[in-house]
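Here is what each chain is made of, one letter per residue.
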Amino acid sequence: MTAEPPVLAVPEAKKERYQSLRAKFREHFHDDPAFYARAPGRVNLIGEHIDYCGYSVLPMAIEQDIVMAVLPDNSGAISLVNSDHQYDEFVGDVKTIQITKDEPHWYKYVLCGIQGVKEQFCSSETKGFKALVEGTIPRSAGLSSSSALVCCAALAMLKANGWTMTKELLSEVCAKCERYIGTEGGGMDQAISFTAKAGKAKLIDFNPLRTTDVQLPLNAAFVVCNSLAEMNKAATPHFNIRVVECRIAAQILAQSQDDIKWREIKRLGELQLRLGVSLDEMLELVSSKLHIEPYSKEEVCKILDVSPEELAETSLSANTRNVENFYLHQRASHVYGEAKRVLQFKVICDDQPADALEKLGELMNASHASCRDLYECSHPDLDILVETCRKHGAVGSRMTGAGWGGCTVSLVRTESTVPLLAGVRDDYYKPNPAKMAKAKEALFATIPAGGAAYYVFE
Ligand code: GLA
């Protein structure tokens, strides 16, 4: 079922925050905002680095979010101010937006959302807006603060112009326009931000985008721990290198098949569809056709029978042109294995056997091992944190989000939440005063929160 993002009354518990946003808006723009747009961050429970390969993922939204107080501007001007003054102000015009792939400044994510929506409507009288932006999602922590910013900006742009779009279309538009920044993400973050439902996790399928509610076991709680190792995926090539390794793995596997033209294949998921076989059979294919040693660029070119320039066209992205070694066996094994774990996770949530928690925990642990060893997107601090969480009662623990820093997510029995939080605080944060100073925001229990919406004072 498709629907547009709802317009809701500011809930009682949030009134103080929204009033304070209104006061800051007035102070800066000497006017009142017309509405508020809100988009939440997310924690991915399982299914890491597989959305851009075409596979389903299983995240839930968190309470932390981006909120914008917005006033439409008929002149087409875009004026952005962040309630956190360490971020620059931005002033521009909706007609002349340019998003460069150099420094990933915060406002460029806002511009991505604006541009994405603008492209859907092609109007000659597009309005801009003034916005006061406030975020509570820890940045560079794998909780999707940047995508929430894109989604929130898209909402602001839509309503400022009196336009509407379904949540599904918004998810797809925002996934696409976030790539203007240069990162080739999949669509998980945007889809969960728009379609989340309080109390439910979501299975998200792609091409076409579909979401299914997932009822987590009632005695399951989730704890998020920020390692405080920051990783901005747009500022380094790590993320795009993985995207490219997966693409080349899919193309080389395709090349090994008589009836498939490798140039038609961009994703490991597409290849499975074309072959019409199971994930286990794909894992066997990886083992039999790809070697464990890294592939040099020269070898890749030789197998695909292309020049390095052609390879850049068919398979690489701007910031991966100079990569020389590709770990294809490892990356493809992770993707097919992780895709399988997502489906198993969903079946356990549907069936809710007596040992559901242990089974879900095992899948999360296996996912972490695969991210660490095969996909190499973990971080030593994340590996320490998952061990610490398990020691203090987590039934499963894994890194979440893009990785190379950021957060872990742990599955814990509801009654063990408080001892787990205390144990992790003492072991991981307390010995380091800089970490301890941030422990309050870095370490929290979370339940599935609701999706993006507009808010107004009644
Ligand atoms: C980032 C991307 C997502 C997804 C995750 C890794 O958050 O935006 O699309 O690929 O990394 O699972």
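Residues numbered from 1 in each chain as written. Predicted model: local features only at pLDDT ≥ 70, side-chain atom pairs only at ≥ 80, totals over all residues. Heavy atoms only, no water.

**Structural notes on the sheet that holds strand β13 (residues 407-413)**
So, point 1. Spatially, 4 strands are ordered β12-β13-β9-β14 in an open sheet, and the strand pairing comes out antiparallel. Whereas interior strands pair on both sides, the edge strands pair on one side only; in this sheet they are β12 (396-400) and β14 (443-446). Neighbour-to-neighbour, the strand axes of the sheet open up by a mean angle of 25 degrees, direction not taken into account.
So, point 2. With 4 bridges joining them, strand β9 (residues 220-226) and β14 adopt antiparallel strand pairing. Counted as the bridge partner of V224 is F444 from β14. (Pairing = 2+ DSSP bridges. Helix = DSSP H or I, 4+ residues; strand = E, 2+ residues; numbered from the N terminus. Axes fitted to C-alpha atoms, helices over the stretch in contact; angles between N-to-C directions.)

**Remarks on the UniProt feature "domain: Galactokinase N-terminal" (unreviewed entry) in the protein**
So, point 1. As annotated by UniProt and renumbered to match this structure, "domain: Galactokinase N-terminal" (unreviewed entry) occupies residues 23-70.
So, point 2. Secondary structure content for residues 23-70 is 15% helix and 52% strand, and the end C-alpha separation is 13 Å. (UniProt positions renumbered as here; feature names shortened; annotations may be inferred.)

**Remarks on the site of the ligand**
So, point 1. Taken together, the neighbourhood of the ligand is formed by R42, E48, H49, D51, Y52, G185, G186, M188, D189, K233, F239 and A402.
So, point 2. The contact in question runs from an oxygen atom of the ligand to an N or O atom on the backbone of G186, over 2.9 Å.
So, point 3. A distance of 2.6 Å is found between an oxygen atom of the ligand and a side-chain nitrogen or oxygen belonging to D189.
So, point 4. When the ligand is considered free in solution it has 310 Å² of accessible area, and contact with the protein chains removes 98% of it.
So, point 5. Per-class residue counts for the shell around the ligand are 4 nonpolar, 3 polar and 5 charged. (Near = heavy atom within 4 Å. Polar contact = N/O pair within 3.5 Å; in protein donor to acceptor, adjacent residues only side chain to side chain. Areas by Shrake-Rupley, 256 points an atom, 1.4 Å probe, with all protein chains shown as cover. Nonpolar A, V, L, I, M, F, W, Y, C, P; charged D, E, K, R; others polar.)

**Details of the packing of helix α7 (residues 268-275) against helix α8 (residues 279-289)**
So, point 1. In contact at an axis separation of 11 Å, α7 and α8 are set at 110 degrees when each is read in the N-to-C sense. If you check the angle between α7 and α8, you find them roughly perpendicular. Contacts between α7 and α8 involve L271, Q272 and L275 from the first element and L279, M282 and L285 from the second.
So, point 2. Looking at side-chain class alone, the contact of α7 with α8 contains 5 nonpolar, 1 polar and no charged residues. (Parallel < 35°, antiparallel > 145°, perpendicular 65-115°, else oblique. Contact = heavy atoms within 4.5 Å.)

**Focus on the nonpolar core**
So, point 1. Core analysis: the largest hydrophobic core is formed by 134 residues, its most contacted members being L45, M68, F129, L268, Y336 and F345.
So, point 2. Of the residues forming this core, the biggest block, 12 residues, is contributed by helix α3 (residues 145-160).
So, point 3. With residues up to four places along the chain from it excluded, the contact list for L45 reads L58, P59, M60, A201, L216, F222, F345, M364, R398 and V409.
So, point 4. Among the nonpolar cores identified, the runner-up in size contains 15 residues, and L420, Y428, A442 and L443 belong to it. (Core = buried A, V, L, I, M, F, W, Y, C linked by side-chain atoms within 4.5 Å. Buried < 20%, exposed > 50% of the residue type's maximum accessible area, 1.4 Å probe, protein only.)

**Points about the pattern of salt bridges**
So, point 1. In the structure shown here, the tally under the stated rule is 32 salt bridges.
So, point 2. Among the ionic pairs, R263 bridges to E310, the shortest N-O distance being 3.3 Å. Of this pair, R263 sits in the loop between α6 (238-255) and α7 while E310 sits in helix α10 (residues 308-314); the two residues are 47 residues apart in sequence, bridging distant segments of the chain.
So, point 3. Relative accessible area serves as the criterion here: at 46%, R263 is assigned to the partly exposed category.
So, point 4. Classification of E310 by relative accessible area gives partly exposed; the value is 33%.
So, point 5. Its salt-bridge partner being R341, residue E338 comes within 2.9 Å of it at the nearest N-O pair. Residue E338 and its partner R341 are located together in helix α11 (residues 328-351), separated by 3 residues, close to a single helical turn. (Salt bridge = Lys/Arg side-chain N within 4 Å of Asp/Glu carboxyl O.)

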